[in-house]
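Here's the letter readout for the chains.
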Amino acid sequence: MDLKQLEYFMRVAELGSFTQASHALNIAQPALSRQVRMLEVELRQNLLNRNGRGVTTTEAGKLLLEHCRGILHQVDRAKEDMGRVQGALAGRVALGIAPSASKMMTVELTRQFRKRLPNASLSISEGLSLVMQEWLLAGRLDIALMYNPSPSADLDLSPLTSERLYLVGPRGPHPSDQPLPLHALVNIPLIIPNRPHTVRMLLESEMALIGARPNIRLEIDSVQAILDLVAEGTGYAILTEHAVLTSAQPDRYHTRPITQPELHSRLYLATATGRITTLTQKAMLELIRTTVRQVYPPAMTRAA
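Here the residue index of a chain counts from 1 through its sequence in written order. Per-residue local features are limited, in this predicted model, to residues with pLDDT of at least 70; the limit for side-chain atom pairs, both in listing and counting, is 80 or more; totals at the level of whole chains, interfaces and linings are taken over all residues. Just so you know, side-chain values use all the structure's heavy atoms and leave hydrogens and water out.

Naming follows an unreviewed UniProt entry, where the chain appears as LysR family transcriptional regulator of Castellaniella hirudinis. Comment text from UniProt for the chain, heading Sequence similarities (unreviewed entry), reads "Belongs to the LysR transcriptional regulatory family." UniProt positions are given in the numbering used here, feature names are shortened, and annotations may be inferred rather than shown by experiment.

**Q** Now, about the overall build of the chain: what can you tell me, with residues and values included?
**A** Note on conventions: DSSP H or I runs of at least 4 residues are helices, E runs of at least 2 residues are strands, and numbering of each starts at the N terminus. Within the chain one finds 10 helices and 13 strands. The C-alpha extent of the chain, read off along each of the three principal axes, is 75 × 50 × 35 Å. Counting every atom, the chain has about 15,700 Å² of accessible surface; 51% of that belongs to carbon and sulfur. This count recognises Lys and Arg as positive and Asp and Glu as negative, with His and chain-terminal groups excluded. Charged groups are reduced to one reference atom each: NZ for lysine, CZ for arginine, CG for aspartic acid, CD for glutamic acid. Between the mean site of the 33 positive side-chain charges and the mean site of the 28 negative ones, the chain shows a separation of 3 Å. Only the protein chains shown count as cover for residues, with accessible areas throughout obtained via the Shrake-Rupley method and a probe of 1.4 Å.

**Q** Tell me about the nonpolar core, residues and numbers included.
**A** Here is a general trend for soluble globular proteins: nonpolar side chains tend to be buried in one another's company. Buried Ala, Val, Leu, Ile, Met, Phe, Trp, Tyr and Cys residues that are joined via side-chain atoms within 4.5 Å together make up what is termed a nonpolar core. Three labels apply to residues, based on accessible area from a 1.4 Å probe with only protein chains included: buried if under 20% of the type maximum, exposed if over 50%, partly exposed otherwise in between. One finds Met-105, Leu-109, Ile-143, Leu-145, Met-284, Ile-288 and Tyr-296 to be the most contacted residues of the largest nonpolar core, which totals 33 residues. In terms of residue count, helix H10 (residues 279-295) provides more of this core than any other element does, six residues in total. Within the second largest apolar cluster, 21 residues are counted, among which are Ala-13, Ala-31, Val-55 and Cys-68.

**Q** Explain the pairing of strand S1 (residues 48-51) to me, and be specific about the residues and the numbers.
**A** Here is the key point about a regular strand: its side chains alternate between the two faces of the sheet. Strands pair, by our definition, only if DSSP identifies at least two bridges between them. The pairing of S1 with strand S2 (residues 54-57) spans four bridges and is classified as antiparallel. Across the sheet, Asn-49 pairs through a bridge with Thr-56, a residue of S2. The hairpin formed by S1 and S2 contains two residues between the paired strands.

**Q** If you had to explain the packing of helix H5 (residues 99-116) against H10 to someone new, which residues and values would you point to?
**A** Throughout, an axis means a line fitted to C-alpha atoms (over the contacting stretch in the case of helices), and angles, computed between N-to-C directions, take values from 0 to 180 degrees. Relative to each other, H5 and H10 sit at 135°, their axes nearing to 10 Å. One finds that H5 runs oblique with respect to H10. The hand of the H5/H10 crossing is right-handed. Contacts between H5 and H10 involve Met-104, Met-105, Glu-108, Leu-109, Gln-112, Phe-113 and Arg-116 from the first element and Met-284, Leu-287, Ile-288, Thr-291, Val-292, Gln-294 and Val-295 from the second. A class-by-class count of the residues in the contact of H5 with H10 yields nine nonpolar, three polar and two charged. Angles below 35 degrees are treated as roughly parallel, those above 145 as roughly antiparallel, those between 65 and 115 as roughly perpendicular, and all remaining angles as oblique. Rotating anticlockwise by less than a right angle from the far helix to the near helix defines a left-handed crossing, while the corresponding clockwise rotation defines a right-handed one. Contact between two residues is taken to exist if any of their heavy atoms lie within 4.5 Å; hydrogens are not considered. Three residue categories are used. Nonpolar comprises Ala, Val, Leu, Ile, Met, Phe, Trp, Tyr, Cys and Pro, charged comprises Asp, Glu, Lys and Arg, and polar comprises the others, including Gly.

**Q** Which residues make up helix H3 (residues 29-43), and what values go with them?
**A** Structural remark: α-helix, 3.6 residues per turn; residues separated by three or four positions point the same way. Here a helix's expected span is defined as the number of its residues, less one, multiplied by 1.5 Å. Counted at 1.5 Å a residue, the expected span for H3 with its 15 residues is 21 Å, and the 21 Å between its end C-alpha atoms agrees. The complete set of buried residues in H3 reads Ala-31, Leu-32, Val-36, Leu-39 and Glu-40. Directly beyond the C-terminal end of H3, a positive phi value near 55° is found at Arg-44.

**Q** Please provide a residue-by-residue account of H5, values included.
**A** The terminal C-alpha atoms of H5, which comprises 18 residues, lie 24 Å apart, in line with the 26 Å expected from a rise of 1.5 Å per residue. At Met-105, H5 is bent by approximately 50°, the largest bend along its length. Taken together, the buried positions of H5 are occupied by Ala-101, Ser-102, Met-104, Met-105, Glu-108, Leu-109, Gln-112 and Phe-113. Tucked inside the fold, the buried residues of H5 contact strand S3 (91-97), strand S4 (120-126), strand S5 (143-147), helix H9 (241-245), strand S12 (264-272) and H10. Throughout, the bend at a residue refers to the angle made by two axes, fitted to the seven residues ending there and to the seven starting there.

**Q** Before we move on, can you summarise the side chain of Glu-40 with the specific residues and values?
**A** With respect to the helices, strands and loops of the structure, Glu-40 is situated in helix H3. We define a polar contact as two N or O atoms separated by no more than 3.5 Å, with the added condition that, inside protein, one atom must be a possible hydrogen donor and the other a possible acceptor, whereas residues neighbouring each other in sequence contribute only through side-chain atom pairs. A polar atom in the side chain of Glu-40 sits 3.0 Å from the side chain of Arg-37. A polar side-chain atom of Glu-40 sits 2.7 Å from the main-chain amide nitrogen of Leu-47. Apart from residues no more than four positions distant in its own chain, Glu-40 is found in contact with Gln-45, Asn-46, Leu-47, Leu-48 and Arg-50.

**Q** Explain the pattern of salt bridges residue by residue, including any values.
**A** Salt bridge, as used here: a side-chain nitrogen of Lys or Arg that lies within 4 Å of a carboxyl oxygen of Asp or Glu. Inspection of every chain in the model, using the stated rule, returns 14 salt bridges. When the shortest N-O distance is used, the salt bridge between Lys-4 and Glu-7 registers 3.7 Å. In this pair, Lys-4 and Glu-7 are both assigned in helix H1 (residues 3-15), three residues apart and thus about one turn of the helix distant. Residue Lys-4 is classed as partly exposed on the basis of its relative accessible area, which comes to 42%. For Glu-7, a relative accessible area of 26% gives the class partly exposed. Note that Arg-195 is salt-bridged to Glu-204, the shortest N-O span being 2.9 Å. A network of salt bridges, in which partner residues are shared, links Glu-14, Glu-66, Arg-69 and Arg-140.

The structure is reproduced here in structure tokens:
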């Protein structure tokens, strides 16, 4: 397969239009259509459904599109790797970040990246840990910041920091600061994210170890929506202290530490096992570690 044909097909599939793709690629539409058709002939598969409103991918096209992203990403990494000969810190780094970590880190990390790696480019995507693991293995990401990933021979995992989880409720006239045993959550109505959110999975697994199940009243993936409902008295949340302190009105909430056992959400740095790490990626890994130390207050965290 011709790499240029793969790039053309990927752009058409992503934009859903030969016309838009021809403008983006700066190639005449008939020539673009011809190249994509040649790819279909070679693979003996129809990759696109063509209609008057544009194009959509067939099942074969969806499969090839995922391969294209990984293949072309690795081609870019190979070109960047050749820059090692000249010691150039250039090329592109594709980084995935869990949403809660993104909220804390993205702005400062981007600022430091532009300052320290001015000749490189950065792509940041948000995603849940399971999704980012798939992206790492497919070659769509170089690095990921993941909460509580399961050990895997396919991933190199390095712990960065750990945040304690608290029971978050509405602030009342006589709030209790006493730690709450984990088993007591069976009697407390909770508003927590859907599976496979890492906090949800951690809570359920830890409670299963003590023969208990959480009392889940609502499943909502938005932290802000969860906090709004907590403030109204609908239920309680399991969140980090930072999630509360950075909310719009932190004084509306009261937090109680969970004990027996304590719950900690651990942030890891993840890369795909066995994949070559370029100089630019190595510099990015160190930049991430430095940024984590800067943006995560020591009072809220402990070493993972």
